[in-house]
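# Structural description and commentary
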Amino acid sequence: MRLQSSLGCVPVLCLITCLCAFYKTAAIDIPLEVLGHVNIEQLPTITAQSPSSLIAFPFDESFPMTCEAKGNPEPEFKWTKNGQEFDPSLDPRLMKEESSGTFVIPNNGNLTEYQGTYRCYASNKLGTAISKEIEFIVPHVPKFPKETLDPVEVEEGQPFTLKCDPPKGIPPLQIYWMTISLQHIEQDERVSMGLNGDLYFSHAVEKDSRKDYCCFAAFPRIRTIVQKNAMSVIVKTNKSVISPETANAIPQRRPSLMLPSGGGRSEVQLVKGEDLKLECIAEGVPTPQVEWVKMGSKQLPIKAKLENHGKLLTVQRVELEDSGKYMCKAKNTHGEAVHYFTVTVEGPPEWVSEPESQLRMIGSDVLIKCSASGTPLPTVIWRVNGVPLQDVPAANRKVLDDTIVLHNAKASDSAVYQCEVSNRHGTLLSNANIMIMNVRPVILTKEGEDYSAVEGKGAMMHCKVFSSPPSSITWSKDESSESLEGPRFAVHDNGSLEILSVEKEDNGQYTCVAKNTEGLSAVEAMLYVKDPTRIVVPPVDLQILIGTTAQLSCLAEYDKSFSNDFELLWEKDDMEIALNYTESSRYFVEDGILQIINVSHMDKGVYTCVARTPVDQQTASALLTVLDVPDAPEYLVLSEHKSKSVKLKWIPGDDHNSSTTEFIIEYEESQWEPGNWKELLRVPGNHNSAILKLHGHVDYRFRVSGVNAVGRGLPSKLTERYKTPAAAPDKNPENIKIEGHLPHEMDINWEPLLPIEHNGPGLEYKVSYRRQDVEEDWKEHMGKRHSFVVKNTPTFVPYEIKIQARNHQGWGPEPKIVTGYSGEDFPSAAPEDVAVEVMNSSVVKVSWTRVHKDKLHGHLGGYRVNWWRLRSLVDSKKSHGEKQTLTVPGDRNHAAVPGLMPFSEYSLIVMTFNGRGNGPGSHPVNFKTPEGVPEKNPVFRVTDVQKHSVSLDWAPPVEPNGILTGYLLEYQLINETEEVGPLQTVDISKPDTTKWTLRDLESVSKYKFYLRSCTTVGCGPVVSEEGTTTLETSLASIHGGISTQGWFIGLMCAIAFLTLIVLIACFVNRNKGGKYSVKEKEDLHPDVESQGMNDDTFCEYSDNDEKPLKGSQHSLSREIKAGDSGDSLVDYGDEDVQFNEDGSFIGEYAGRKEKRASTEIKATIQTPA
């Protein structure tokens, strides 16, 4: 809703103020929205103008003299040149732009006539705005005058100057002194160029004589370099034949100043911001040195620099505090010369109070203030519409010091006021648009704006108003007419309403009303209060190994109305991470998780998760620390060089966020193993130096690497080589071994010194030895090998041995004495009094008398017990078993022999042994082991299963371990339930029994059978089987008793042969066209048992014929079908069985072959032709 007063629109003058400071222009602009509601005229405002200096460079095509302005009505333009009116349209060579004050000067002729100072005036009926002055400069081409230069003649040792006198031109000016071949003239403390371009020589020397001193002046802005004619210098030397000692001697003298010339004082004036340059060039012999001092100060300004070998003092961008007195002092061994500079820093005009554009209502008092500072103090010139103020008098206008006062201003007082301040260092011009008018309120904010705010945060709703006089602005909510008041509501000067700490109840419609003396206007707006955005799972600080993948998680909650406008961004060090999802990209974001692939050192920093909606955002940050091995140490330095040590210092490398725990120092030597680096020393990580202990006669170089929790870093650069002088050995051989492989020899071996431990050339070893048990002198042997054999020694006697190293520099330290024995021989005696005590059926205890040490002939190794089995006591047949050995280390006289077979006869002997071998064995001792329990029966199976009985078959144990007394057979019912039946026991007292039939069993029941063999000692381990009784009596029972008879085996073979003949005949007959109705016979005789064995159906085959059981019959979990045989070849194929001598198995096997043949032939018959 927008309300307006009933007043009609009246033309109102609008004055626009232009604030011009150098190139910047500011003004009060009437908004375009206002112009759509009221008719407002505007004062002219300069919007664009050329810089204060416009140089006509010869390589530019044209030179625009810019003047652009705006206003209503459109302003008209005029120009002045050097204070006189100048009309560009009257000159056909100038190009004028339409609706603009700009004209262009083309570069196609003599530009000198356009040189001058220009000013632009932009006017309409309301007033005039003016530009600053614009100087158009037409540079001339600089040239050195054509002149003939006489040679400069100077006595050796005297000062002289070569004048350059460069032509004037557009700065900057650069001067060079060179030869004709463009080689720079060398400048130093004796020869230098001054700021004026002249070349000064403190004193002449013979080499200064030359004919091609050239001064070059360069003007880079106009791209021009000019050269002065070459100058010639002749230095006259004093040659003396009478006194050659004084020839070419230059007389010395105290300094004097060549520059500045004249008196000892000079004054320098600068403008603030310019560079101060003071120079002192002195002559004298020897060449004077120049020093600078600022009087009254202990030191030169901080910005001060000394250049040109100390002869030039520069201070860039001087300030007022750089003013003062400076002194230069030139001195040598014969005296000094001084010069004082009085430096005054002045300043161009600077605004203190720049005139401001103003919009004031009719009848008000208007104050326009203009003041500026500067050195010297600037003068102020006021203008109105570009005309000096005194030329346009007004009754209600007064000038009071730096302020213009307009009393009871009228609309006709609207104008552009110009204030121009200037001193000799510059000028400032400012345009102030003074606008006197009355306008009803015009609200520029759109009607019905929607605003969104977050609960708990601030909200700002706008109400931009244009009016004169200023409007009073009030806000109300919903249908209420009362203004919003309270600590949470604030109306700003620009009309905006700010609500602090927004609440849900603040949701609704708001109305802004603007009112002044000319009327009122109103506008409505809608405020929606949203839930705040919160990060519920912020990222956490992370330490990550370089080269791995880092993951940072961020989860946020936000107002559901922003589901399409919510975004979650990631920043690194306040810069948004660009996600392009290309193959080369290492940043991926999915479900709020930022993944950084292949982390590098550049990835360390602060990562910020930004959860953003259109009205608010929440951030959470985490520090990512990249861990890596330490960088290589740097700047390795060797110091404190000694014959056998050196100090190594280094600067640790970056530890990459994991503290260095230690440094590893390695060395490489060039003689023995060049290129092979070996560890020398480790020092703690807080050290950066170490004393390295070295060997003699070694050419070392070193490197250092750091270690932290991540790992070991790269090694440093190598040190320079350091070769130690030769020295005697530091140590003698170690790990001396004394062995006797033969009875009359002693082998001495030792660990040789490493090549690096030789400490010098010519290393050899002195081996000294003597018997320990008798008094005798040391015997010595010199050699380079690390072994020595002493011949013709007594058997096994103690010796003292010592080994000392020597090289060309001398002997090593005094060696340590070690003790050893000469060679061993076999023991010459056997243990005596060997006795055997039987502990149980498998273990006996053996004891003996120790062999005397004199009979050992070496170091006692221990004793060995050898035993072997002679026979089993079950039968009388002897058979020697494999010999077995038990080694008893040390000096013991008894041992336990385990693992014996019960009820057996054994024999054993005992012997001693040493390093050479075994001694003679003792007299054999025979002994017998008592009975034990038998081994497990190797075969135990179910052979026949009936309705109420089960037949079992087994083989006796291979090792009965005594006299078999019988078997213990047990069984129990184990149907498919958790409960089992009681255990039934059958005691079989006949040891030759290998079969048994259990009767009175329950039909169709599963039983488990247990069998153990027994001696008088007890019963052995159990073997078990399972079987299931049948529903009816099986045909297997018919031949169960006869299957073990020999005649039955022959009968079965005959039947198998006849069956084969019949099957062949059937097959031949069928191929000739004979038909056998298998289906009819099956229909007539579906039951196998009812069919019997008649010949008419013998060739038929069906799935009801008997089949072999699958798997072993040890588990009879299935019912045996009627007609199935109780025996199967499968039952025996995988078992290592022992068969009875009656041949019962052969008969069963023959019957099985018969059935297999029948099955194979029948399958062939049923195959369709």
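All of these numbers come straight from a predicted model, not from anything done at the bench.

The next point concerns the overall build of the protein chain. Counting secondary structure elements, the protein chain contains six helices and 88 strands. Of all 1169 residues assigned to the protein chain, the portion counted as buried reaches 43%. Of the contacts formed within the protein chain by residues at least 6 apart in sequence, a portion of 66% connects residues at least 24 apart.

Counted by the stated rule, this structure contains 23 aromatic pairs. Ring centres 6.1 Å apart and planes at 85 degrees place the aromatic pair Phe-201 and Tyr-213 in the edge-to-face group. With a gap of 12 residues between them, Phe-201 in strand S19 (residues 199-201) and Tyr-213 in strand S20 (residues 210-219) connect regions that are remote in the sequence. Of the two residues examined, Phe-201 and Tyr-213, each falls in the buried class. Ring plane angle 10 degrees and centroid distance 5.5 Å describe the contact between Tyr-700 and Phe-702, whose orientation is recorded as stacked. Both residues of the pair, Tyr-700 and Phe-702, belong to the buried class. Taken together, the aromatic side chains of Trp-79, Phe-86, Phe-103 and Tyr-118 make up a single cluster linked through ring pairs. We note Arg-265 situated over the ring of Tyr-340; from NZ or CZ to the ring centre the distance is 4.9 Å. One cation-aromatic arrangement involves Arg-586 over Tyr-587; the distance from NZ or CZ to the ring centre is 5.6 Å.

This part covers the pattern of salt bridges. Any two side chains of opposite charge can pair, on the condition that their charged atoms come close. Applying the stated criterion across every chain yields a total of 47 salt bridges. The shortest N-O distance in the salt bridge between Lys-678 and Glu-673 comes to 2.3 Å. Relative accessible area serves as the criterion here: at 31%, Lys-678 is assigned to the partly exposed category. The exposure class of Glu-673 is partly exposed, given its relative accessible area of 33%. Connected via shared salt-bridge partners are Asp-91, Arg-93 and Glu-113.

A full pass over the atoms with the stated rule returns seven disulfides. Each sulfur in the disulfide pair Cys-370 and Cys-419 lies 1.8 Å from the other. Measuring the twist about the S-S bond at about -70 degrees, one finds the Cys-370-Cys-419 disulfide to be left-handed. Here Cys-419 lies in strand S39 (residues 415-423) and Cys-370 lies in the loop between strand S33 (366-369) and strand S34 (371-375), a separation of 49 residues in the sequence. You'll find Cys-370 and Cys-419 in the same group, each marked buried. Looking at the unpaired Cys-214, the closest cysteine sulfur is the one in Cys-215, lying at 9.0 Å.

All right, on to the sheet that holds strand S52 (residues 550-553) then. One open sheet accounts for three strands, arranged S52-S57-S56; its pairing is antiparallel. With partners counted over all chains shown, the strands left at the sheet margins are S52 and strand S56 (587-590), one partner each. The sheet shows a mean angle of 20 degrees between the axes of neighbouring strands, direction not considered.

To continue, consider the confidence of the model for the protein chain. Of all residues in the protein chain, 85% have pLDDT values of 70 or greater, and the mean over the chain is 84. Taken element by element, the predicted model of the protein chain shows its lowest mean pLDDT in strand S2 (residues 18-21) (28) and its highest in strand S65 (residues 699-707) (97).

Moving on to the sheet that holds strand S25 (residues 276-279). Taking strand neighbours across the sheet as the criterion, the three strands line up as S25-S29-S28 in an open arrangement whose pairing is antiparallel. Strand pairing shows two members of the sheet lacking a second neighbour, S25 and strand S28 (304-307), which therefore form its edges. Here the strands of the sheet are splayed against their neighbours by 20 degrees on average, with no regard to which way each runs. Relative to strand S29 (residues 312-315), S28 is paired through four bridges, and the arrangement is antiparallel. Across the sheet, the residue bridging to Leu-306 is Leu-313, located in S29.

Moving on, we come to the side chain of Thr-793. Residue position: Thr-793 is located in the loop between strand S71 (787-791) and strand S72 (798-807). In this structure, Thr-793 is in contact with Pro-743, His-744, Glu-745, Met-746, Tyr-799, Ser-822 and Gly-823, ignoring residues within four places of it in sequence.

Let us look at a nonpolar patch on the surface. A grouping of Phe-1057, Leu-1058, Leu-1060, Ile-1061, Ile-1064, Phe-1067 and Val-1068 is seen on the molecular surface, where their side chains present a nonpolar patch of about 630 Å² in accessible area. Within the secondary structure, Phe-1057 is located in helix H2 (residues 1046-1071). Residue Phe-1057 is classed as exposed on the basis of its relative accessible area of 53%.

Burial runs high along strand S58 (residues 605-612): six of the eight residues are buried. Note that strand S54 (residues 567-572) and S58 share six bridges and pair antiparallel. Paired with Glu-571 across the two strands is Thr-608, which belongs to S58. Where S58 and strand S59 (residues 617-627) come together, eight bridges link them in antiparallel fashion. Looking at the pairing, Cys-609 lines up with Ala-620 of S59. With antiparallel pairing between neighbouring strands as the criterion, S58 and S59 make up a hairpin whose turn holds four residues.

Rules and cut-offs
Residues numbered from 1 in each chain as written. Predicted model: local features only at pLDDT ≥ 70, side-chain atom pairs only at ≥ 80, totals over all residues. Heavy atoms only, no water. Helix = DSSP H or I, 4+ residues; strand = E, 2+ residues; numbered from the N terminus. Buried < 20%, exposed > 50% of the residue type's maximum accessible area, 1.4 Å probe, protein only. Contact = heavy atoms within 4.5 Å. Phe/Tyr/Trp six-rings, centres within 6.5 Å; stacked < 30°, edge-to-face > 60°. Lys NZ or Arg CZ within 6 Å of the ring centre and 35° of its normal. Salt bridge = Lys/Arg side-chain N within 4 Å of Asp/Glu carboxyl O. Disulfide = S-S within 2.5 Å. Pairing = 2+ DSSP bridges. Axes fitted to C-alpha atoms, helices over the stretch in contact; angles between N-to-C directions. pLDDT = per-residue confidence, 0-100. Patch = residues over 30% accessible without salt bridge, like charges linked within 9 Å, V, L, I, M, F, W, Y side chains within 5 Å. Areas by Shrake-Rupley, 256 points an atom, 1.4 Å probe, with all protein chains shown as cover.

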